[in-house]
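# A look at the structure
Spelled out, the chains give:
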Amino acid sequence: MPDDSIRPLITARSISPAPTFPTRDTFDTMDLAGGNVVRKGKLSWVVALSYAIDWIILIAVGVVGYILGHITPNKRPFALDDRNISFPYAEQETVPVWLAVVISVMCPIVIIAVICLVFVPGSTVPRGTPKSLIWQRKLWELHQGWLGLALSVMAAWIITNGMKNLFGKPRPDLLDRCQPDMENLKDYIIGGLLRLNSSLTPGHILGPGTLVSPNICTNPDKAVLDDGFRSYPSGHSSSASAGLVYLSLFIASKFAITIPFFSTSGSSADHETTAAAFPSRTRIPSVKVSGPDSYELSNRSPSALTNSIEDPALLSKGVTATNRKIAAVRRQAAAPPLYLLLVAIIPFFASVYIAGSRWWDFRHHAFDILFGYLIGLVGAIFAFRYYHLPISRGAGWAWGPRSHDKAFWAGVGSYSYATSRTRGTYRSGDEEEALGAPIEPYGRGSGMSSVAPVAPRKGGSQGMDARDEDTSYTGASGNDHSPEPHAR
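All figures in this text were calculated on a predicted structure; none of them were measured in a lab.

### Observations regarding the nonpolar core
Judged by nonpolar contacts, the single largest core of 34 residues is most densely connected at L58, I112, Y246, F250, I251 and I257. Secondary structure elements with two or more residues in this core: α3 (45-68), α4 (97-119), α5 (131-167), α8 (235-254), α11 (338-360) and α12 (366-387). Of all the elements, α5 adds the most residues to this core, at eight residues. Excluding residues within four positions of it along the chain, L58 makes contact with L147, A150, L151 and M154. Among the nonpolar cores identified, the runner-up in size contains 13 residues, and L175, V212, I216 and L225 belong to it.

### Some remarks on the packing of α8 against α12
Running from amino to carboxyl end, α8 crosses α12 at an angle of 35°, the nearest separation of the two axes being 7 Å. The two elements α8 and α12 cross, and the hand of that crossing is right-handed. Contacts between α8 and α12 involve S237, S238, S241, A242, V245, Y246, L249, F250 and S253 on the former and, on the latter, I369, G372, Y373, I375, G376, L377, A380, I381, A383 and F384. Broken down by class, the residue content of the contact of α8 with α12 amounts to 13 nonpolar, six polar and no charged.

### Quick word on the UniProt feature "transmembrane region" (unreviewed entry) in the protein
Under the feature "transmembrane region" (unreviewed entry), the UniProt entry names residues 45-68, 97-120, 140-159, 243-262, 338-360 and 366-387. Counted over residues 338-360, helix gives 100% and strand 0%. Its end C-alpha atoms are 32 Å apart.

### Comments concerning the pattern of salt bridges
Under the defined criterion, the tally for this structure stands at 11 salt bridges. With a shortest N-O distance of 3.5 Å, R363 and E93 are connected by a salt bridge. Here the residue R363 occupies a position in the loop between α11 and α12, and E93 occupies one in the loop between α3 and α4, the gap between them amounting to 270 residues. Using a relative accessible area of 3% as the deciding quantity, one classes R363 as buried. Between R177 and D227 there is a salt bridge; the shortest N-O distance is 3.6 Å. Of the two residues, R177 is situated in helix α6 (residues 174-178) and D227 in helix α7 (residues 222-227); the sequence distance between them amounts to 50 residues. When its relative accessible area of 2% is taken as the criterion, R177 is described as buried. Salt bridges here are not isolated pairs; linked through shared partners, they connect E93, R171, D173, R177, D227, R358 and R363.

### Quick word on the confidence of the model for the protein
Counting all residues, the mean pLDDT for the protein is 74, and 62% of those residues have values of 70 or more. A low-confidence stretch, residues 289-307 (pLDDT under 50), is modelled with 91 contacts involving residues beyond four sequence positions or located in other chains. For residues 433-488, every residue scores under 50 in pLDDT, and the model assigns this stretch 120 contacts once sequence neighbours within four places are set aside.

Rules of the game
Residues numbered from 1 in each chain as written. Predicted model: local features only at pLDDT ≥ 70, side-chain atom pairs only at ≥ 80, totals over all residues. Heavy atoms only, no water. Core = buried A, V, L, I, M, F, W, Y, C linked by side-chain atoms within 4.5 Å. Buried < 20%, exposed > 50% of the residue type's maximum accessible area, 1.4 Å probe, protein only. Helix = DSSP H or I, 4+ residues; strand = E, 2+ residues; numbered from the N terminus. Contact = heavy atoms within 4.5 Å. Axes fitted to C-alpha atoms, helices over the stretch in contact; angles between N-to-C directions. Left-handed = near helix turned anticlockwise from the far one by under 90°. Nonpolar A, V, L, I, M, F, W, Y, C, P; charged D, E, K, R; others polar. UniProt positions renumbered as here; feature names shortened; annotations may be inferred. Salt bridge = Lys/Arg side-chain N within 4 Å of Asp/Glu carboxyl O. pLDDT = per-residue confidence, 0-100.

Here is the structure:
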């Protein structure tokens, strides 16, 4: 365990040149708080295989769901005088199955692709970032967006079809589909009370609640008849909410469409700086940024050492100038433009329309529609959060890839699949791995890099100013920072 002499960012009140570690073996055996153990520069085949298996599982689930939709379901007995199943069978549906698939699945696929390829990674990319790295981020966000959509739709698909076959509930138009054999009515009675007696003739009237077997149906079209016993839950409703609610969440995430909220961190700079596209590139000498704490800092500290060149032309575009000002409560957040809210909510409205069409087409009872929609809604929310950060705090990003060590298994005692198995430290970010520079023990921007420190700025000390816990300090722009205690 190293002593405090190699922990300048944790214990020191002023910055001295960071120590240099000659070999990788040296730092691989250390357990420094906040140190990033550099892993492989590219996504390993083990990690890629783990995600390929995710897709294989989802495809297999889809195949099973398809098979469940084409086997004979359980058929619940019914009453011939039940007005709830006496509606006419509509040959033409308002939203047929093929159109529901296009709207609920194909449209989200295309829209997610457009958003990821056009709007990602956004305006927080430092000047000089390689295009190859930007495209890696685009494709990763696209992959995660599609993977979450597939999980949402496939989960709703197999749950819905499984429940349909299990419960076998009659649709509102069952009697029209059934074409019951009234001549041999008494042969199909299986329960209930008769108005007269059990020795019925064709002219007799059934008493209320008399149940008949589904075998009374004479319709030769087996597919139409079997589908008449698949009312609960609604497949259109579950699929529509699974695909389109997920799309609404995805749009809201990527365009920061959320109800205004208070920052949970002590400084408004903390979250802004940890939300940008490529954090560590802002501390590389060849990259021009707006200031020492603009964009994301890998150690989530607005006072961390930076080796970037401050570009006056970017000062007005970065987050530094804003974050260094103490903001009133009412100025810490603002409502997004209303047209963006409209864009995000349109898929949700479309899902409600598709679900509602099943009511006026006499395909489902009200509870079947509501429960089916709930299945898809829960699946959409779960799938989105499984692969994406929270809308209000995640800045529109998907979660990063699994670590090489935990691509398939983490085991007891591990809280994250993104960390190393041996040290519990996070793997280096892709913004560091694409630089092509020699591997550094703690990753660029960690404050333990061997990169030469920045020359002292006018009116300030090298890298950061010395200060006590109970006093604020002035950075390069001369604006105040909130005090931040140091750990000893």
